[in-house]
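Each chain, written out:
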Amino acid sequence: MSDSENKPTLGRKPLGLKTSVQAGEVKQTFSHGRTNKVVVEVKRRKLIGKPGSAESAPPAPEPAPAPAPAPVAAAPKPAPRPSSSAGETPQERVARMQREAEEARLNVLEAQTRRESEERLRTVEDERRRAEDNRKAETEPAASAPVAAAPAEAPVSEAPPADQAEDAAPAASGATAPRRFTPVAAPKRPEPAVKKIAHPRDKTGDQRRHAGKLTVSKALNEDEGARARSLAALKRAREKEKRAHFSGQSQAREKQVRDVIVPEEIAVQELANRMAEKVSDLVKALFKMGLPSTSNDVIDADTAELLVEEFGHTIQRVSESDVDIDIADDVDPEETLKPRPPVVAIMGHVDHGKTSLLDALRGTDVVRGEAGGITQHIGAYQIKTKNGDLVTFLDTPGHEAFTEMRQRGANVTDVVVLVVAGDDGIMPQTIEAINHTKAAGVPMIVAITKSDRPEYNPQKIRERLLEHEVVVEAMSGDVQDVELSAKTGAGLDALIEKILLQAELLELKANPDRLAEGTVIEAKLDKGKGPLATVLINRGTLKVGDILVVGSLSGRVRAMLDDKGRQIKAAPPALPVEVLGLGGVPMAGDTLTVVENESRAREVAAYRQEKATAKRTTSAPATIENMFSALTAKNAVIEYPVVIRADVQGSTEAIVNALNRLSNDEIKVRVLQSGVGAITESDVSLAQASGAPIVGFNVRPNAKARELIERQKVTLKYFDVIYHLTEEIAKEMAGIWGPERIEHVVGRAEVKGVFTSGKRDKAAGLLVLEGGIKKGLFARLTRQDVIISKTTIASLRRFKDDVPEVRAGLECGVVLQDTNDIKAGDMLEVFEVEERERTL
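Model, not experiment: these values are computed from the prediction.

Scoring rules and cut-offs
- Residues numbered from 1 in each chain as written.
- Predicted model: local features only at pLDDT ≥ 70, side-chain atom pairs only at ≥ 80, totals over all residues.
- Heavy atoms only, no water.
- Helix = DSSP H or I, 4+ residues; strand = E, 2+ residues; numbered from the N terminus.
- Buried < 20%, exposed > 50% of the residue type's maximum accessible area, 1.4 Å probe, protein only.
- Contact = heavy atoms within 4.5 Å.
- Areas by Shrake-Rupley, 256 points an atom, 1.4 Å probe, with all protein chains shown as cover.
- Pairing = 2+ DSSP bridges.
- Axes fitted to C-alpha atoms, helices over the stretch in contact; angles between N-to-C directions.
- Phe/Tyr/Trp six-rings, centres within 6.5 Å; stacked < 30°, edge-to-face > 60°.
- Lys NZ or Arg CZ within 6 Å of the ring centre and 35° of its normal.
- Left-handed = near helix turned anticlockwise from the far one by under 90°.
- Nonpolar A, V, L, I, M, F, W, Y, C, P; charged D, E, K, R; others polar.
- Arc of directions from axis to C-beta.
- Polar contact = N/O pair within 3.5 Å; in protein donor to acceptor, adjacent residues only side chain to side chain.
- Salt bridge = Lys/Arg side-chain N within 4 Å of Asp/Glu carboxyl O.
- Core = buried A, V, L, I, M, F, W, Y, C linked by side-chain atoms within 4.5 Å.

> Which residues make up the overall build of the protein, and what values go with them?
Scanning the protein for helices and strands turns up 20 helices and 35 strands. Within the span of the protein, comprising 840 residues, buried residues form 36% of the whole. For the protein, the share of sequence-separated contacts (at least 6 apart) that also reach a separation of at least 24 residues comes to 67%. Summing over all exposed atoms, the protein offers an accessible surface of approximately 50500 Å²; the carbon and sulfur share of this is 52%.

If you want it as structure tokens, here you go:
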């Protein structure tokens, strides 16, 4: 039975034999149950196959094949099925043709692979034989060297033997070639005339170029022996050897001992990084200590010390305060010090001519631009004398509110010039300046100004100074004094000469070749430049680009301006400069320090900020008694909230201190917020929420804040003179506090009897003992010195007549307002109330 009879027809008509075109249908099946039928037409043509193939052979019986060596351990291949074109469908014919072509390709590929393998084995055997001959040639005498050298000169590739050539013939025609288990060594032959030249990059010849390739026949024929290792396997083996090599080295290497810096508190992860150990090892060690922890937990320094010692490292304990910069122990060597200009502070009472004196020295006119004709900022200037000497002057305010400014000016200066008006005498701020100078321990020069006035009396000033232990040279003392006039310029040269003489005695020196240090004299927030700080350089040289720390702020010097507004690149010691580039507005009096890098600056600033926050938020332990007493005190005291904005930090500080001095036990000022710069929207929102006025000192609100003020009706007060501000706030506080009530006792009387008056009221019969009783006055009814009620006299009668007043020694009857608790023997005290306006 033919194959075509066994196959189903799939519902199609049988194909005829005489048709030149055969048609059929192919059913395609897709996902989700979808199918498609395709009509296929196949046109028959004569197929010419390769010699020896099944299709090209005639229908006669196949001739007997040529005798060949019997294959060894070769599996017999199934004979190809004879083609029957009469009964197969087009699909079967296409599949059969593909199958036969694939079998032929595999046979050719297998034969080629076998040839390559045999050639490779021959090459390996030749190499081994040449190596043995070389070893023999080295051991034998020199006479046998030519004989042994002949095999060494054998060609790299020899012609295959005859039997192997016969084996390769049927493989070329597509037939199956026999396999051998053991390669047969080729006999030694003389060197051929032409030898194959190996590729210069392949020292073993062309046969080994494809030695590591995996072919289809190698993969299918498992009986050929062990296959060559893949590239991935070789790479894995190489990596394994490398790891084993390095692990052996690491085990042999000694453990490195490190110096571990441990602060008061440290996280486990950070400690592991500093020790160069695994976090898991530290966690295990903590678990063994009875302290289950994770990598993010914080441990104290004692626990960290135990861990460090357990892992064999050395510990260095540090505290948080070590982060801060300590300049107390930083002393410059004597050989690095160089002379510097003196710093002179001009101090004295308000309106005694300090700024006018400085204007005369500088040749400027600062007084004309000051509000109210008084100095409210601390100014720093440097002048050059006729002889070329430099002198730095600090102009301090004289008003009583600027105590802190005067104290800062005295602490950063070398010499203090005490300005006293010859026509006015010693005033309170003059005494305060003397005390600041003594506290700072700096020498003093007394300048008796206004010598052009007719009432000028310098001798009186010298005598008054004796009261405060200031003895001038004219009275056998050690304090220099100068009589001068800023208006006419008389005595200015003598003042400069005495300042330079005093500076020469002090031998002022500083090291300019080091990182700069300075003191903030004043600070403000400029609308265009941002935070500005007036800094007096104490030592070192401040340069543009330096990284600095000021208090709890850090920054970089973007630009520097001198007292005349010119940009400079470097500021030597004793030079006042205006520094741009800070992260915020610093506090006046803060120390400026230049550090190495930005990370150090941020670290110091963060530590100082943390300490300031802790100091501000730290409170006493709370108890029930403290809470109730604080609540009672808060209810008893009236608070006056206020929001303060000023142009410079020193003015803000002075205003806050002046307002706090206005407070007393019954009313006090509560500063909700104070800052430097223009009034902003946040200030307006805070003032509106708390019902507080906004006080602006030499500043104005921006556009958005101005619109918000008008919309929310917030009280805004502008001032440019500080004593105007304090007077206005004092009046506001007095108005909230209310007038003062003062009682004046008018008379006293004793209740002799009680009578009914009308339906509800009771009348008291009184005997007036002191003073008199008037209708409508306030009265207190006491019983055994205990106040029963506080009321007013509603009705006053003598006998049956209404009278306005009853004097002492007479009897009368009264009706008290809203009071019926009256008994015989009670005392009635009548008084008047006077209201006076309060003053702070």
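Once the structure has been displayed, the description carries forward.
> Residue-level account of helix 10 (residues 354-362), with values.
Those residues of helix 10 that sit buried are Lys-354, Thr-355, Leu-357, Leu-358, Asp-359 and Leu-361. Contacts from the buried residues of helix 10 go to strand 8 (343-348), strand 9 (379-384), strand 10 (390-395), strand 11 (415-421) and helix 14 (492-506).

> So what about the sheet that holds strand 25 (residues 667-676)? Which residues, and what values?
Strand order in this open sheet of four strands is 25-24-26-27, and the pairing throughout is parallel. What marks the edges here is a single partner per strand, and that holds for strand 25 and strand 27 (716-719). Going across the sheet, the axis of each strand differs from the next one's by a mean of 25°, ignoring polarity. Examined bridge by bridge, strand 24 (residues 638-646) and strand 25 share nine bridges and lie parallel to one another. In the strand pairing of strand 25, Glu-639 is matched with Lys-668.

> So, the packing of aromatic side chains: which residues are in play, and what are the values?
Using the criterion set out here, one finds one aromatic pair in the structure. Arranged with centres 5.9 Å apart and planes meeting at 15°, the rings of Phe-778 and Phe-831 form a pair that is stacked. Residue Phe-778 is found in strand 30 (residues 778-783), and its partner Phe-831 is found in strand 35 (residues 827-836); the two are separated by 53 residues along the sequence. Phe-778 sits in the partly exposed class, given a relative accessible area of 34%. Sitting over the ring of Tyr-718, Arg-700 keeps its end group 4.1 Å from the ring centre.

> Run through the packing of helix 8 (residues 279-288) against helix 9 (residues 301-310), naming residues and quoting values.
Running from N to C, helix 8 and helix 9 point in directions that differ by 115°, and their axes come no closer than 11 Å. Here helix 8 and helix 9 pass one another in a crossing that is right-handed. Every residue of helix 9 that contacts helix 8 at Leu-282, Ala-285 and Leu-286 is listed here: Thr-303, Leu-307 and Glu-310. Among the residues forming the contact of helix 8 with helix 9, the class breakdown is four nonpolar, one polar and one charged.

> Describe the sheet that holds strand 12 (residues 444-449), and please don't skip the residues or the numbers.
If you trace the six strands from one edge of the open sheet to the other, you get 9-10-8-11-12-13, paired in mixed fashion. Every other strand in the sheet has two partners, leaving strand 9 and strand 13 (480-483) as the edge strands with one partner each. Between one strand axis and the next, the sheet turns by 25° as a mean value, whatever way the strands run. Note: strand 8 against strand 10, four bridges, orientation parallel. Each residue of the ladder has a partner; that of Val-344, found in strand 10, is Phe-393. The strands that helix 14 touches are strand 8, strand 9, strand 10, strand 11, strand 12 and strand 13; relative to strand 13, the one it contacts most, it runs at about 165°.

> I'd like to hear about helix 9, residue by residue, with values.
Along helix 9, the residues that are buried comprise Ala-301, Thr-303, Ala-304, Leu-307 and Val-308. Buried residues in helix 9, looked at end-on, bunch into an arc of 155°, giving them a common side. Next to the buried residues of helix 9 lie strand 3 (259-262), strand 4 (265-267), helix 7 (268-275), helix 8, strand 5 (298-300) and strand 6 (314-317).

> Could you give me a rundown of the environment of Lys-668, with the residues and numbers involved?
Relative to the helices and strands, Lys-668 is located in strand 25. Residue Lys-668 is classed as partly exposed on the basis of its relative accessible area of 37%. If near-sequence neighbours (up to four positions away) are discounted, Lys-668 is found in contact with Val-637, Ile-638, Glu-639, Tyr-640, Ser-663 and Met-733.

> Give a description of the side chain of Arg-462 that names residues and reports values.
For Arg-462, the location among the structural elements is in helix 13 (residues 458-465). A distance of 2.7 Å separates the side chain of Arg-462 from the side chain of Glu-483, its partner in a polar contact. When neighbours within four sequence positions are excluded, Arg-462 is seen to be in contact with Ile-448, Val-472, Ala-474, Met-475, Asp-481 and Glu-483.

> Can you tell me about the pattern of salt bridges, naming the residues and giving the values?
Summed over the entire model, instances satisfying the criterion amount to 41 salt bridges. For Asp-683, the salt bridge identified is with Arg-645, shortest N-O distance 2.8 Å. Here Asp-683 is found in helix 18 (residues 681-690), whereas its partner Arg-645 is found in strand 24, with 38 residues between them in sequence. Salt-bridge contacts for Arg-797 lead to Asp-802; the nearest nitrogen and oxygen are separated by 2.9 Å. Overlapping salt bridges bring together Glu-743, Arg-748, Glu-770, Arg-780, Lys-790 and Glu-829 as one network.

> Could you give an account of the nonpolar core, with specific residues and numbers?
Ranked by size, the top nonpolar core spans 25 residues in total, and within it Leu-394, Leu-418, Val-446, Leu-465 and Val-470 carry the most contacts. If you list the elements that add at least two residues to this core, you get strand 8, strand 11, helix 12 (428-440), strand 12 and helix 13. Once residues lying within four places of it in the same chain are set aside, the contact partners of Val-446 are Leu-418, Leu-465, Val-470, Val-472, Val-479, Gln-480, Asp-481 and Val-482. In terms of nonpolar packing, the next biggest core, distinct from the first, is built from 20 residues, Val-419, Ile-445, Val-482 and Ile-496 among them.

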